Amino acid sequence: MAKRILSAAVMLPLALAALWFGKWIFAGLVALAAVLMLREWQRLPDGPGFAAVDPRALALGGLGLVAAIALMRVDQRLASFTVLLVAAMAYIWALPARRSWALGGMLYVGLPCLSLIWLRDMPDHGRLIVFWVLGVVWATDTGAYAFGRIIGGPKLIPSVSPNKTWAGLLGGMLCAGLAGYGIASLDARLPMQALGVFAALVAVVAQAGDFFESGIKRRFGVKDSGGLIPGHGGALDRLDGVLFAAPFVALGMLIWGRGVWS
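These numbers come from a predicted model, not from an experiment. (Residues numbered from 1 in each chain as written. Predicted model: local features only at pLDDT ≥ 70, side-chain atom pairs only at ≥ 80, totals over all residues. Heavy atoms only, no water.)

Draft legend 1. Here's a closer look at helix 4 (residues 77–94). The end-to-end C-alpha distance of helix 4, which contains 18 residues, comes to 26 Å, matching closely the 26 Å that a straight helix rising 1.5 Å per residue would cover. Within helix 4, the full set of buried residues consists of Ser 80, Leu 84, Ala 87, Ala 88, Tyr 91, Ile 92 and Ala 94. An end-on view of helix 4 places all buried positions within 155 degrees of arc, on one side of the element. In helix 4, the exposed residues that point more than 90 degrees away from the buried face are Leu 78, Val 86 and Trp 93. (Helix = DSSP H or I, 4+ residues; strand = E, 2+ residues; numbered from the N terminus. Expected span 1.5 Å × (residues − 1). Buried < 20%, exposed > 50% of the residue type's maximum accessible area, 1.4 Å probe, protein only. Arc of directions from axis to C-beta.)

This is the structure we're talking about:
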């Protein structure tokens, strides 16, 4: 726990500073995280031993992710997704024995990163929207951990994640709703109640992201995706909820327009 707190004390100010200043600073941080996550994804099938990554494959995939993120930053959406798909094909070519795994990794990492850039560059509320997404996911993780430890009770999906409980899920939803409401209150023009309810739904999606990554790690007998962050594991371990939540929020805005954020 001490390591987790110290790591968070270092990471949170950096993430929030990049989000505040936005533009290329935030895009650069997202691009760095994308490459680190792709590296971890590439190593997962090797099991606990974590064999060295194929540098050619990582270079092709990583450069493609960086280019796609840069294009999204300058609002070239079609070009951004095109580059992501081309990079995915190059990544597959470099890892012929793991084609489906390679494609899955590019989409699993790439789409959420592009979603975060697109959300941050939204007019008027871009900074607040991403802060809301991150805050809701962090509140979900904290609430799920605290309520799960304190209350315990029936397990959610013990075959995938034996420590996750129904009490943890409900606690995560409660904390996420409160966080969503609280962050929305920073701008009096926003409907705080609606965003609080939406935050509880996002909490379920974030928990699904947590279960997804847990299932992947269990499949390959890996406890953590890496050792990059003391007390947290790898970048994928720290951002698994965001990887599901960011595209979910972005998709909602694409379907219903700016909606409650307008």
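Draft legend 2. Quick look at the nonpolar core. With 66 residues, the main nonpolar core has Phe 26, Met 37, Leu 44, Ile 69, Met 106, Leu 119 and Trp 132 as its most contacted residues. Counting residues per element, this core draws most heavily on helix 5 (residues 99–120), which supplies 11 residues. (Core = buried A, V, L, I, M, F, W, Y, C linked by side-chain atoms within 4.5 Å.)

Draft legend 3. How the structure looks around the pattern of salt bridges. Tallying each qualifying case throughout the model produces 9 salt bridges. Taking the shortest distance from any N to any O, the salt bridge between Asp 121 and Arg 73 comes out at 3.0 Å. With a gap of 48 residues between them, Asp 121 in the loop between helix 5 and helix 6 (126–151) and Arg 73 in helix 3 (residues 55–73) connect regions that are remote in the sequence. Residue class for Asp 121 comes out partly exposed when judged on its relative accessible area of 30%. Accessibility expressed as a relative area gives 16% for Arg 73, which makes it buried. In this structure, the salt-bridge partner of Asp 141 is Arg 238, at a minimum N-O distance of 3.0 Å. Here Arg 238 lies in helix 9 (residues 235–256) and Asp 141 lies in helix 6, a separation of 97 residues in the sequence. Across the pair, Arg 238 and Asp 141 agree in class, each one buried. (Salt bridge = Lys/Arg side-chain N within 4 Å of Asp/Glu carboxyl O.)

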